[in-house]
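Analysis of the macromolecular model
Residue-level listing of the chains:
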Amino acid sequence: LSRQNRTSGMLAVFVAIGIYLVYHGQAGANPSRTALCPTLRFVMGAGCSVIADYSGMWISIRANIRTAAAAEKGLNAGLQMAVRAGAVSGFIVMAMNLLGIGGLYAFLTGVVHILPQEVPLQIVGYGFGASFVALFAQLGGGIYTKAADVGADLVGKVEAGIPEDDPRNPAVIADLVGDNVGDCAGRGADIFESTAAETIGVMILAGGSALFPVFGIQGILFPLVVIALGLLCSVVGVFTVSVKEGGDPMSGLNRGFYVTGVLAMIAFWFATQKLLTPLASSGIVAPHASTYYFYCCLLGLGTSLAFV
């Protein structure tokens, strides 16, 4: 990870300089300040993506040995250790997303005094920085593990005649390390950039279309509220995951997912009723508007259930 991030960090510096120069050339009265703000948001997004990268790896290598130790006590203990460790990684990623975007929004509206509907366009750099690091995080581990996997197969199975994934083959260890980098560390950065980009995209649509005149600032903040509610529901769902000895672990995982889904459905109802009701000043009378948006939430929730 250190070697990988030295390369991506060096490239990120050049990109940040490029962003600064482009904005500086197009700025008006105060070019330095105008160019510095999007550059810093890019760096902030990249930094948070690196944290997601490291936290995924840090948690996974400790969860592996703890899960193995817990599995000696029974299937349920091993399952709960694995699920809760993975949940910690997920919560860190989503919390950074929520705090990063929410903090930037509060700062730009409360301190810099930018109009609420214009703020989402100002924080695009945050999502761009997250995507930039995540690209290298995914590619680095993927390329490394694929090279090691091919080498392990050629030398181990073809030349030495030992089974696949035999620990006597050093390339097998390298292959597993690459899997950890790509699937644990890289996946954390990838999920962070995906959710950050999606959240900012929804906020841009809300602020730049007809939603802001109808719902006001509540329509822009709705995706952040949904993320916060989803986190709280997921905390409860994680603690409902359990399995009987000799049972199917997927049944326990599905139970936690269903509990989270039901709680999220209830939370979404209150969120849509509170935030997505047309303002009196908009002049629009739509008594069932918030209910229709709740149906959209149910459609998304049902789609995720269908995939599982």
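Provided above is the structure to which this section pertains.
Everything numeric in this text was worked out from a predicted model, so none of it was measured. (Residues numbered from 1 in each chain as written. Predicted model: local features only at pLDDT ≥ 70, side-chain atom pairs only at ≥ 80, totals over all residues. Heavy atoms only, no water.)

What about the packing of aromatic side chains?
All told, the structure shown has nine aromatic pairs when counted by the stated rule. Ring geometry for Trp269 and Phe294: centres 5.1 Å apart, planes at 85°, overall edge-to-face. Of the two residues, Trp269 is situated in helix H9 (residues 249-275) and Phe294 in helix H10 (residues 289-307); the sequence distance between them amounts to 25 residues. Residue classification places Trp269 among the partly exposed positions, given a relative accessible area of 33%. (Phe/Tyr/Trp six-rings, centres within 6.5 Å; stacked < 30°, edge-to-face > 60°. Helix = DSSP H or I, 4+ residues; strand = E, 2+ residues; numbered from the N terminus. Buried < 20%, exposed > 50% of the residue type's maximum accessible area, 1.4 Å probe, protein only.)

What about the nonpolar core?
Membership of the largest hydrophobic core comes to 20 residues, with the highest contact counts inside it found for Ile101, Val119, Ile123, Tyr126, Phe192 and Met203. Of all the secondary structure elements, the ones that give two or more residues to this core are helix H2 (31-71), helix H3 (75-110), helix H5 (124-160), helix H6 (170-208) and helix H8 (217-238). Of the residues forming this core, the biggest block, six residues, is contributed by H3. With sequence-adjacent residues up to four places away left out, Met203 is seen in contact with Ile101, Tyr105, Pro120, Ile220, Pro223 and Leu224. Formed by 13 residues, the second largest nonpolar core is a distinct cluster that contains Phe215, Ala267, Ala271 and Leu301. (Core = buried A, V, L, I, M, F, W, Y, C linked by side-chain atoms within 4.5 Å. Contact = heavy atoms within 4.5 Å.)

A short note on the packing of H9 against H10
A packed helix pair is summarised by two numbers, namely the angle formed by the two axes and the spacing between the axes. Where H9 contacts H10, the axes come no closer than 9 Å and their chain directions differ by 165°. The angle between H9 and H10 falls in the class roughly antiparallel. Every pair of crossing elements has a handedness; the one defined by H9 and H10 is right-handed. Contacts from Phe257, Tyr258, Gly261, Met265, Phe268, Trp269, Thr272 and Gln273 in H9 reach Ser290, Thr291, Tyr293, Phe294, Cys297, Leu298, Leu301, Ser304 and Leu305 in H10. (Axes fitted to C-alpha atoms, helices over the stretch in contact; angles between N-to-C directions. Parallel < 35°, antiparallel > 145°, perpendicular 65-115°, else oblique. Left-handed = near helix turned anticlockwise from the far one by under 90°.)

A look at the packing of helix H1 (residues 2-26) against H2
Running from N to C, H1 and H2 cross one another at 160°; their axes reach a closest spacing of 8 Å. Relative to H2, the element H1 lies roughly antiparallel. Note on packing geometry: the crossing formed by H1 with H2 is right-handed. Residues Ser2, Gln4, Asn5, Ala12, Val15, Ala16, Ile19, Tyr20, Tyr23 and His24 of H1 form the contact with H2, whose own contacting residues are Pro31, Ser32, Thr34, Ala35, Leu36, Pro38, Thr39, Phe42, Val43, Val50, Asp53 and Tyr54. Here the residues of the contact of H1 with H2 are counted per class, giving 14 nonpolar, seven polar and one charged. (Nonpolar A, V, L, I, M, F, W, Y, C, P; charged D, E, K, R; others polar.)

These results come straight from atomic positions and should not be treated as a statement about function.
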